[in-house]
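Spelled out, the chains give:
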Amino acid sequence: MALESLDDRARRAHDELVDRWANAQADIGRLLAHDVEAYCGQVALLRECQERVSAEGVIIAGPKGEPMPHPAVEIGRKAQVEIRAWAHRFDPPNHLREA
């Protein structure tokens, strides 16, 4: 995978994933690079949404100053759905997990 294509948040997610596999003494190389990149991108997106909502609040001012839900809440929810759909692919095999 071309790590230079990942932003800082996605790179941190990638490093965490690699650490999880290394701690299980498993071969992360069997994962498809583009799948790892997509998963890490979704984790990074979720984290960015969480940071923005934390800093700006769940309710923000809309275009006319009216209160509205922060768009990052919905974007983050969609990222969570993607993460849940992909996450099982990146867990080390049971027999290699730390006891």
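Here we summarise the structure given alongside this text.

### Digging into the overall build of the chain
Reasoning step 1: For the chain, the helix and strand inventory stands at three helices and two strands.
Reasoning step 2: Mapped in sequence order, the helices and strands of the chain form the string α-α-β-β-α.
Reasoning step 3: Residue burial in the chain is summarised as follows: out of 99 residues, 26% are buried.
Reasoning step 4: Summarising the internal contacts of the chain: among those between residues at least 6 apart in sequence, 60% fall at separations of at least 24.
Reasoning step 5: Taken as a whole, the chain presents about 6500 Å² of accessible surface, with 53% of it coming from carbon and sulfur.

### As for a nonpolar patch on the surface
Reasoning step 1: On the surface, V58, I59 and V73 cluster together to form a nonpolar patch covering roughly 260 Å² of accessible area.
Reasoning step 2: Along the chain, I59 falls in strand β1 (residues 59–61).

### Observations regarding the nonpolar core
Reasoning step 1: Among the nonpolar cores identified, the biggest contains 14 residues, and L17, Y39, C40 and F90 are the most heavily contacted of them.
Reasoning step 2: Elements represented by at least two residues in this core include exactly α1 (8–23), α2 (33–56) and α3 (71–87).
Reasoning step 3: Of the residues forming this core, the biggest block, six residues, is contributed by α2.

### Looking at α3
Reasoning step 1: For α3, spanning 17 residues, the distance from its first C-alpha to its last is 24 Å, which sits close to the expected 24 Å at 1.5 Å a residue.
Reasoning step 2: Every buried residue of α3 is accounted for by A72, G76, A79 and I83. Down the axis of α3, the smallest arc covering the buried residues is 60 degrees, so these residues share one side.

### Digging into the side chain of D35
Reasoning step 1: Of note, D35 is situated in helix α2.
Reasoning step 2: Within polar-contact distance, the side chain of D35 engages the side chain of R89 at 2.8 Å.
Reasoning step 3: Contact partners of D35, with chain neighbours within four places excluded, come to W86, R89 and F90.

### Examining the pattern of salt bridges
Reasoning step 1: Overall, the coordinates contain five salt bridges when judged by the stated rule.
Reasoning step 2: The shortest N-O distance in the salt bridge between E51 and R9 comes to 2.4 Å. Of the two residues, E51 sits in helix α2 while R9 sits in helix α1, which places them 42 residues apart along the sequence.
Reasoning step 3: Judged by relative accessible area, which is 40%, E51 ranks as partly exposed.
Reasoning step 4: The salt bridge involving R47 is made with E16; its shortest N-O contact spans 2.5 Å. Residue R47 is located in helix α2, and its partner E16 is located in helix α1; the two are separated by 31 residues in the primary sequence.

About the cut-offs
Residues numbered from 1 in each chain as written. Predicted model: local features only at pLDDT ≥ 70, side-chain atom pairs only at ≥ 80, totals over all residues. Heavy atoms only, no water. Helix = DSSP H or I, 4+ residues; strand = E, 2+ residues; numbered from the N terminus. Buried < 20%, exposed > 50% of the residue type's maximum accessible area, 1.4 Å probe, protein only. Contact = heavy atoms within 4.5 Å. Areas by Shrake-Rupley, 256 points an atom, 1.4 Å probe, with all protein chains shown as cover. Patch = residues over 30% accessible without salt bridge, like charges linked within 9 Å, V, L, I, M, F, W, Y side chains within 5 Å. Salt bridge = Lys/Arg side-chain N within 4 Å of Asp/Glu carboxyl O. Core = buried A, V, L, I, M, F, W, Y, C linked by side-chain atoms within 4.5 Å. Expected span 1.5 Å × (residues − 1). Arc of directions from axis to C-beta. Polar contact = N/O pair within 3.5 Å; in protein donor to acceptor, adjacent residues only side chain to side chain.

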